[in-house]
Amino acid sequence: YEINAAGRYAPDQLMDIQLAVGLPPAHYGTQYKRFAQYFLDRGMIGFEFNGKVYSICITEAICFPQALAATAPVFKQLQLGTVAKAIVIDIGGDSLENGIITLYNRLLSKIRADYDLLLEETDIDAILTGRSTEYGSEIQALVERGAESFVADLFRTLRERKIELRTGKVIFVGGGSLLLRKQIENSGKIGTAIFVEEIGANAAG
C-alpha cells in the first residue's frame, strides 16, 4: 500500500525499502537492535499482491517504541510539549499480561456457562460499542459489568506501580482503549483522558 501510495511501484525494478517497525516499550530497550536487524540482510524479496508483482530489498529498518509512536499524530495538536506530565496507556491484546484478550475470554466463558451461548469476540465488541442490542438485557449488563471490572483492575494495577492517573494528561491508544472508552471515562480515576482514535496511529507515528 505504501509503495503504491507513494507512486513508487515499478514492476520490473528492485525497489529499496526503509522499514519502520515497533516494539512494546517494555521490550524496546533490550530488543530494538536485534528486532531491527531481523528484517535486514534478506536480499531480494519477491511477492505478488493484488495481482501485481513486487521486488523489494529492505535497506534500512528503524525500530520505534509502540504506544509512544502512536501519540505522534496528536502531539502538536494537543501541545503535549508544554504539558508537565503525560502518561501513555496502550490497551491492546496483551497489556500488563491483562490485555483485552483476557476480557474477551473471561466474558465468553461466563456467557457460555451461564446462558449456553457461543458468542465471539465480535459480539462483545458489538455490545460494548452499542452497535447491537439483540443479545438481551442480562447479557448486555453482564458484558458492561465485566468491562467495568476489567478497567478497575487495570487502573488498580497501575496504581500499585505508583502511576498516578488523576494528574497531567493520560493518553489512551490502541483498539482496546476505544472499545472501553465509556468505562474509562466513567471510572472517575482519570484526570484528563485523551483518546487517539486513528487506528493506524503507531504506523503513522
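Attention here is on the structure that accompanies the text. Because the structure is predicted, anything quoted here is derived from the model rather than measured.

1. Points about the pattern of salt bridges
Here is step 1: Inspection of every chain in the model, using the stated rule, returns 7 salt bridges.
Here is step 2: Among the ionic pairs, E164 bridges to R166, the shortest N-O distance being 3.1 Å.
Here is step 3: The class of E164 is partly exposed, set by a relative accessible area of 23%.
Here is step 4: Linked by salt bridges that have partners in common, R159, E164 and R166 make up one network.

2. A word on the pairing of strand β3 (residues 52-65)
Here is step 1: Bridge count between strand β1 (residues 15-23) and β3: 9 bridges; the pairing is parallel. In the sheet register, V21 faces β3, and the bridge partner there is C63.
Here is step 2: With 5 bridges joining them, strand β2 (residues 45-49) and β3 adopt antiparallel strand pairing. From the neighbouring strand, F47 faces β3, where its bridge partner is Y54.

3. Some words on the layout of surface pockets
Here is step 1: Roughly 800 Å³ of volume is contained in the largest pocket.
Here is step 2: Along its surface, the largest pocket is lined by 29 residues, and E2, I3, I17, Q18 and L19 are the ones closest to its centre.
Here is step 3: Contributions of two or more residues to the lining of the largest pocket are made by α1 (2-5), β1, β2, β3 and α9 (201-204).
Here is step 4: Considering each element in turn, the lining of the largest pocket owes the most residues, 8 residues, to β1.

4. Digging into helix α6 (residues 137-160)
Here is step 1: Taking 1.5 Å of rise per residue, 24 residues should cover 34 Å, and α6 covers 34 Å from first to last C-alpha, within 8% of that figure.
Here is step 2: Taken together, the buried positions of α6 are I139, L142, V143, E144, G146, A147, F150, V151, L154, F155 and L158.
Here is step 3: Of the residues flanking the end of α6, it is K162, one or two places downstream, whose phi is positive at about 65°.

5. Details of the sheet that holds β2
Here is step 1: With mixed pairing, 3 strands are arranged side by side in an open sheet as β1-β3-β2. The two strands at the open ends of the sheet, each matched to only one other strand, are β1 and β2. The average undirected angle you get between the axes of adjacent strands in this sheet is 55°.

6. Focus on the nonpolar core
Here is step 1: Grouped together as the largest cluster of nonpolar side chains are 32 residues, with contacts concentrated most on F155, F172, L180 and I184.
Here is step 2: Counting residues per element, the ones that place at least two in this core are β4 (86-90), α4 (100-115), α5 (121-128), α6 and β5 (169-173).
Here is step 3: At 9 residues, α6 tops the list of elements feeding residues into this core.
Here is step 4: Counting 12 residues, the second largest nonpolar core, distinct from the first, contains M15, V21, A36 and I58.

7. Observations regarding the packing of α5 against α6
Here is step 1: Packing of α5 against α6 brings their axes to within 10 Å, and their N-to-C directions diverge by 90°. With respect to α6, the axis of α5 lies roughly perpendicular. For the pair α5 and α6, contact is made by I124, I127 and L128 and by I139, Q140, V143, E144 and A147, respectively.
Here is step 2: Partitioning the contact of α5 with α6 into residue classes produces 6 nonpolar, 1 polar and 1 charged.

8. Quick notes on helix α2 (residues 25-38)
Here is step 1: The terminal C-alpha atoms of α2 lie 18 Å apart, and with 14 residues this matches the ideal 20 Å at 1.5 Å per residue to within 8%.
Here is step 2: Residue Q31 marks the point of greatest curvature in α2, where the axis turns by about 80°.
Here is step 3: Burial of α2 is sparse: only 1 of the 14 residues sit out of reach of the surface.

Criteria and cut-off values
Residues numbered from 1 in each chain as written. Predicted model: local features only at pLDDT ≥ 70, side-chain atom pairs only at ≥ 80, totals over all residues. Heavy atoms only, no water. Salt bridge = Lys/Arg side-chain N within 4 Å of Asp/Glu carboxyl O. Buried < 20%, exposed > 50% of the residue type's maximum accessible area, 1.4 Å probe, protein only. Pairing = 2+ DSSP bridges. Helix = DSSP H or I, 4+ residues; strand = E, 2+ residues; numbered from the N terminus. 1 Å grid on protein atoms, 1.4 Å probe; cavity = no way out; pocket = protein on both sides within 12 Å on 5 of 7 lines; lining within 4 Å. Points joined across faces, edges and corners; volume = space filled by probe spheres on them. Expected span 1.5 Å × (residues − 1). Axes fitted to C-alpha atoms, helices over the stretch in contact; angles between N-to-C directions. Core = buried A, V, L, I, M, F, W, Y, C linked by side-chain atoms within 4.5 Å. Parallel < 35°, antiparallel > 145°, perpendicular 65-115°, else oblique. Contact = heavy atoms within 4.5 Å. Nonpolar A, V, L, I, M, F, W, Y, C, P; charged D, E, K, R; others polar. Bend = angle between axes of the 7 residues up to and from the residue.

By themselves, these observations are geometric and do not establish any function.
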